[in-house]
Amino acid sequence: MSDAPARPRPAGGPAMPAITYNFAYLDEQTKKMIRRAILKAIAIPGHQVPFAGREMPMPYGWGTGGVQVTAAILGADDVLKVIDQGSDDTTNAVAIRSFFAATAGVATTTRTSEASIIQTRHRIPEAPLASGQVIVYQVPIPEPLRFLEPRETETRRMHGLADYGLMHVKLYEDIAHHGHIATTYAYPVRVAGRYLMDPSPIPKFDNPKMDDSPALQLFGAGREKRIYAIPPHTRVVSLDFEDHPFAVQRFAAPCALCAAEGVYLDEVILDDAGSRMFVCSDTDHCATRQADGHTGTMRAPYGSSAPSSPPPPPHAGENETALAETVPTPSGERP
Amino acid sequence: MAAPSPAAGRPALAAGFADPVHDAQRCFRAVMAAMAEPARAVALPEPHICPPAPLGPVMAAVALALLDFETPFWLDPPLAAAPAVADFLRFHTGAPQVADPGAAMFALIADGAALPELPVFAQGAPDDPQDGATLIVAVAALHAGPLTLAGPGIPGVRGFGAAGLPADLARRLAENAAGFPLGVDLILCGPAHLAGLPRTTRPVAEG
C-alpha cells in the first residue's frame, strides 16, 4: 500500500537500494495533523496555529514550513509552481520543485496562471492570482511582535487580548528617527480586523496584493512550528497612521528587459564601474512579457538572432523532469 | 489487515477508503475549500465508502480524513446508539470516543435538527482559540437561502440554507461569531456536498 513509508532495502548488491517515499514525502498521520492545523488557521484568519513540525530533508531556513504545508495539501492532480524571491530558477525554488516532482510525481510549471499551488519565498507573483489557487508562503519568523517582546507567553497573550499598541509605537519610532515608516519588508498587517500578522518577508510592495485576494493564502513556519492563513476575499490592512499613510515602493525606470512598470524590480550589478540594471524580480512575468514582444532598453528585440542579454528562462521544467527520472523506482520486494 | 471477526453478534466492519492516501487528500481539499469559502456547497468526489448507518458516506469520509489517535470524538445520540459507528471510526482512525461533548475535538452529529447548543462544545481559550471544536453535521440538502451570511472568505454576502438544521440557526451562528476568536467551526455534510461555517461567518440583515 502506498501509504506505508517504504524503507530502503539493505544494500546487499552493487546497486543503490531503491528508496520510495509516501506520496509527497510525509506520512499520513503527519499530513492529518497539518491538515487539521490548516483548517483551524483558515477558521481564525491571521492566528498562528502551533503544529508538530517535522524534520525535513532540508535545513531550517530553506522553507521547511512551506514544504510541509504544500506536502499536506498536494494532490496528484495539482500543478506546482515554486518561486524564491520571485524567481523560478534559483537554488531554493529548483530544489523544492524537484523534491515534489520526485516524491509526489506532480506536474510542475513556472507559469503563475497554470499553477494550482504556488509555494513562495518572499514574493507574491505579479500576475493576479485566481480563485481556486493556493499560495503557500515560507515563513522564517511568524511572530510580528517577536523583536518587540521576546517571550512567546507574552506575545500569545498580546494576541489573545488584541493588544497591539507596541507595534504602533515601533512604527511611530520609525517616523521619529527617519521621518517616515522605514519598514520595507515583513510589513505588519491586520487580518480581518483582528489579528496582527507577519506577512513573511515579502516587500511591502506586495502587501496590497494580500487584501481581498481571490486565492487562499497559507503560511508555514518550520523552525517556529506555526501555520496561519488568510481565506480568500479577506480584508488585510497594512498598519499606518492618518498623517503617514501606507505607501509602496516606486521605481524610477521600468524593467530593463521587458519594460514593465508597476512591478517589483531587482538591482543587478553589471561591472565594477558602477553600472547596474533593474529587472523584474518575477522571472515568469518578465519572460512572458518578453515573449509577448515587450522589450526593455537593455535587451534585443524578442526573436533576434543576436540577443544582447541571455535568453529568458525556460517555461517548461525540463531540468526537473530529468531529475525526477533519476530517482530509483521500487523494483524488488521489500524485506 | 486481519479479517474482522463478527464476534459478539456484530456485523463485519465496513471498509474505509479504497485508496487511503489520495482519497483522504481529495476529501481534505474539499473540506479546505469549504472552510476557505464559507457557505458555498463544495462537491465531494464519490467517497466510495459504505459506513454503517446512520453515518453518511460524506460524513464518514470527512471523519476518516481528519481523525486520528490525537483527536477525541463525540457522537450524537443517534450515532452513539449504533455501536457499529464507533467501531468503524475507532478501527479506521484510532481516535478515542468521549462521552462529554466539551472534551471532544470533533463532534459527529447525524441528527442536525437536534444540534446541541454550540457552547456545550470546546470553545478554545484566548491564547489558544484553535482548540475550539469542529462539528461535522449531516444535513439533508444545502441551499442558497434563506440566510444571508458574511465574513472572511465571502465576497460581499452569500445566501445559505440547509435542510435539517434547527430553525434558530441564525441566532446560533451569530452567537458563535460574537465570541470570535473563540468558538466552534461547522462542516455541513449533504448527500454529495460539503459546506463550511467557520466561526468567522455571521448572519447579516437581508437586503
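The shown structure was predicted, so the numbers you read here are calculated from the model rather than taken from an experiment.

J.: Before we go on, may I ask you to explain helix α3 (residues 91-103) of chain A in this structure?
T.: One full turn of an α-helix is made of 3.6 residues, so residues set three or four places apart face in the same direction. All names here are of chain A. In this model, α3 (13 residues) spans 18 Å end to end at C-alpha, consistent with the 18 Å of a helix rising 1.5 Å per residue. Restricting attention to buried positions, one finds in α3 the residues Asn92, Ala93, Ile96, Arg97, Ser98, Phe99, Phe100, Ala101 and Thr103. Backbone geometry just after α3 places glycine 105 at a positive phi near 65°.

J.: Help me out: how do you make sense of the pairing of strand β9 (residues 226-230) of chain A in this one?
T.: The two faces of the sheet receive side chains in turn, since in a regular strand these alternate between them. Residues and elements named next belong to chain A. The buried fraction of β9 amounts to five of the five residues, a majority that puts the element mostly inside the structure. Of the two faces of β9, the one holding Arg226, Tyr228 and Ile230 and the one holding Ile227 and Ala229 are both buried throughout. Counting the residues in the hairpin turn of strand β8 (residues 216-221) and β9 gives four residues, including lysine 225, whose phi is positive at 60°.

J.: Honestly, the sheet that holds β9(A) in this entry has me stumped. Any pointers?
T.: Residues and elements named next belong to chain A. With respect to topology, seven strands assemble into an open sheet ordered β1-β9-β8-β5-β4-β2-β3, the strand pairing being mixed. The sheet terminates laterally at β1 (49-50) and β3 (107-108), the two strands that pair on one side only. Sheet contacts for α3: β2 (79-84), β3, β4 (117-121) and β5 (134-138); angle to β2, the most-contacted strand, approximately 160°.

J.: Would you take a moment to explain the packing of aromatic side chains for this structure?
T.: Working definition: an aromatic ring pair is given by the centre-to-centre distance plus the angle between the planes. All names here are of chain A. Per the stated rule, a full pass over the model turns up 11 aromatic pairs over all chains. When the centroid spacing of 5.3 Å and the interplanar angle of 45° are considered together, the rings of tyrosine 21 and tyrosine 25 count as tilted. Here phenylalanine 219 and tyrosine 228 contribute two aromatic rings whose centre-to-centre distance is 4.7 Å and whose plane-to-plane angle is 5°, an arrangement assigned as stacked. Both residues of the pair, phenylalanine 219 and tyrosine 228, count as buried. Taken together through their ring pairs, the aromatic side chains of Tyr21, Tyr25, Phe99 and Phe100 make up a single cluster. The aromatic ring of tyrosine 195 is capped on one face by arginine 194, whose charged end is 4.4 Å from the ring centroid.

J.: Got a minute to help me understand the pairing of β5(A) in this structure?
T.: Residues and elements named next belong to chain A. Counting buried positions along β5 gives five out of five residues, so the element sits mostly inside the fold. Residues Val134, Val136 and Gln138 line one face of β5 and the alternating positions Ile135 and Tyr137 line the opposite face, and both faces are buried. Looking at chain direction, β4 and β5 are connected through four bridges and run parallel. Bridge pairing in β5 places isoleucine 118 opposite isoleucine 135. Bridging between β5 and β8 involves five bridges; their strand directions are parallel. Bridge pairing in β8 places tyrosine 137 opposite phenylalanine 219.

J.: Please clarify how the interface of chain B and chain A should be interpreted in this entry.
T.: Where interface size is quoted, it is often the accessible area lost as the parts come together. On the side of chain A, 43 residues touch chain B, which itself brings 41 residues to the contact. Together chain B and chain A conceal approximately 3,200 Å² of surface at their shared face, both sides included; 61% is due to carbon and sulfur atoms. Where chain B touches chain A, the interface holds six salt bridges. Here Asp185(B) makes a salt bridge to Lys40(A), at a shortest N to O gap of 2.6 Å. Summed over the shared surface of chain B and chain A, the number is 20 residue pairs in polar contact (both at pLDDT 80 or more). Elements that contribute at least two residues to the side of chain B that touches chain A include exactly α1 (20-36), α2 (57-66) and β5 (128-132) of chain B. Residue contributions to the side of chain B that touches chain A peak at 11 residues, all from α1(B).

What counts, and at which threshold
Counting of residues starts from 1 at the beginning of each chain's written sequence and follows it residue by residue. In the order they appear in the text, chains get letters beginning with A and ligands get numbers beginning with 1. At least 70 in pLDDT is required for a residue's local features to be given in this predicted model, at least 80 for side-chain atom pairs to be given and counted, and no such filter applies to totals for whole chains, interfaces and linings, which use all residues. Calculated side-chain values reflect all of the structure's heavy atoms, with hydrogen atoms and water omitted. Elements are defined by DSSP. Helices are runs of H or I of four residues or more, strands are runs of E of two residues or more, and each kind is numbered from the N terminus. Here the expected length of a helix is defined as 1.5 Å per residue gap, with one fewer gap than residues. Only protein chains enter the calculation, and the probe is 1.4 Å; a residue is then buried if its accessible area is under 20% of its type maximum, exposed if over 50%, and partly exposed in between. At least two bridges found by DSSP between two strands are what make those strands a pair. Throughout, a contact is declared for two residues whenever any of their heavy atoms are within 4.5 Å. Fitted lines through C-alpha atoms serve as axes, helices being fitted only where they are in contact, and the angles separating the N-to-C directions of these axes extend from 0 to 180 degrees. Note on aromatic contacts: the rings of Phe and Tyr and the six-membered ring of Trp form a pair at centre separations within 6.5 Å, being stacked when their planes are under 30 degrees apart, edge-to-face when over 60 apart, and tilted otherwise. Cation placement over rings: the criterion is NZ of Lys or CZ of Arg within 6 Å of the ring centroid and within 35° of the ring normal. Summed over both partners, the accessible surface that disappears when two parts come together, traced with a 1.4 Å probe, is what is meant by buried area. By salt bridge we mean one thing: a side-chain nitrogen of Lys or Arg within 4 Å of a carboxyl oxygen of Asp or Glu. Think of a polar contact as two N or O atoms within 3.5 Å of one another; within protein, one of them needs to be a possible hydrogen donor and the other a possible acceptor, and neighboring residues in sequence only count if both atoms come from side chains.

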